[in-house]
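Fold and contact review
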Amino acid sequence: MKPREYRKRARADSEALTRQKILEAAVEVFSATPLERVTLGELAAHAGVSVPTLLRVHGSKEELFLSAVRVISGEVLSRRDSVDPQNREAALRVLVDDYETWDRATERLARQAEHIPEIAALFEEWRLFHRRWVQRGFADELERVGRSHRQTVLALLVVALDQGTYRRLRAEGLSKSGAMRAMDALTSAVLDRWQRGQT
């Protein structure tokens, strides 16, 4: 490799490393602190770079925030996808672990979604992913439900396993494991009602 090409590649590698270091710092900072309370100085210090470097690499605090949210989103969805949703106990454990870890951050993001279209789009993506995940996990049970009631039963299962449902169960004083058992009981009750042919 020619010296000029070597220097060019070394600069590109260094830039990629800096970008990754800033992004990792942003994920950590934004996971704990609302967007409006985070300063560029705090982000730069956490990443070990200067503010001008941070802006050159990522453009703005808002762009960095969106990049961090996409990273977190990808990790959460990948973790959910890695478990077989038909393994009910393992699936519920992954679901509840994520709800427990990201509940406050999700609430903050929900407020941001009112003003940031990209965040609103992510919420829609999460909603659709959750629905498909539940549908896949309960595919066998849904087949045993009458076709005319299948959409209703799926909707009830989606709500029974929703983050809002988990949040309310925790607010009612249930422990993490207690809330997980309650969500499992809700899904069982839904399936039992319709699989026995009740309307």
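To keep things clear, this report deals only with the structure shown in the data block. Residue numbers here run from 1 along each chain, matching the order of that chain's written sequence. Given that this is a predicted model, residues contribute local features only at a pLDDT of at least 70 and side-chain atom pairs are listed and counted only at 80 or more, while totals for whole chains, interfaces and linings are drawn from all residues. Calculated side-chain values reflect all of the structure's heavy atoms, with hydrogen atoms and water omitted.

1. Thoughts on the overall build of the protein
- Helix and strand labels come from DSSP, where a helix needs a run of H or I of at least four residues and a strand needs a run of E of at least two; each type is numbered from the N terminus. A count of helical and extended segments in the protein gives ten helices and zero strands.
- Taken from N to C terminus, the helices and strands of the protein fall in the order α-α-α-α-α-α-α-α-α-α.
- Computation of the radius of gyration draws on C-alpha atoms, with the globule rule given as 2.2 Å multiplied by the number of residues to the power 0.38. For a compact globule of 199 residues, the expected C-alpha radius of gyration is about 16 Å, and the protein comes in at 22 Å, more than 25% above that figure.
- Structurally, the protein occupies a C-alpha span of about 75 × 40 × 30 Å along its principal axes.
- Burial classes follow relative accessibility: with a 1.4 Å probe on protein chains only, a residue under 20% of its type's maximum area counts as buried, one over 50% as exposed, and anything between as partly exposed. Each of the 199 residues in the protein was classed as buried or not, and the buried ones make up 41%.
- For this analysis, residues touch if any pair of their heavy atoms sits within 4.5 Å. Looking at the protein alone, contacts between residues at least 24 apart form 64% of all its contacts between residues at least 6 apart.
- Under the convention used here, a 1.4 Å probe and the Shrake-Rupley method define accessible areas, while residue burial counts only the protein chains that appear. Of the roughly 11800 Å² of accessible surface on the protein, 51% is carried by carbon and sulfur atoms.

2. Here's the deal with helix 8 (residues 150-160)
- Taken together, the buried positions of helix 8 are R150, V153, L154, L157, V158 and A160. Projected down its long axis, helix 8 shows its buried positions confined to an angular sector of 165°, all on one face. Along helix 8, the residues that are exposed and aim more than 90 degrees away from the buried face are Q151 and V159.
- Buried residues along helix 8 sit against helix 6 (117-137), helix 7 (139-143), helix 9 (163-171) and helix 10 (176-195). Directions drawn from the helix axis to the C-beta atoms are what define this arc.

3. A short note on the pattern of salt bridges
- In the sections that follow, a salt bridge refers to a side-chain nitrogen of Lys or Arg positioned within 4 Å of a carboxyl oxygen of Asp or Glu. In this structure the tally under the stated criterion is ten salt bridges.
- Two residues, D103 and R167, come together in a salt bridge whose shortest N-O distance is 2.8 Å. Taken as a pair, D103 in helix 5 (residues 88-113) and R167 in helix 9 lie far apart in primary sequence, 64 residues in all.
- According to the relative accessible area criterion, R167 is partly exposed, its value standing at 28%.
- A salt bridge links R150 to E143; its shortest N-O distance comes to 4.0 Å.

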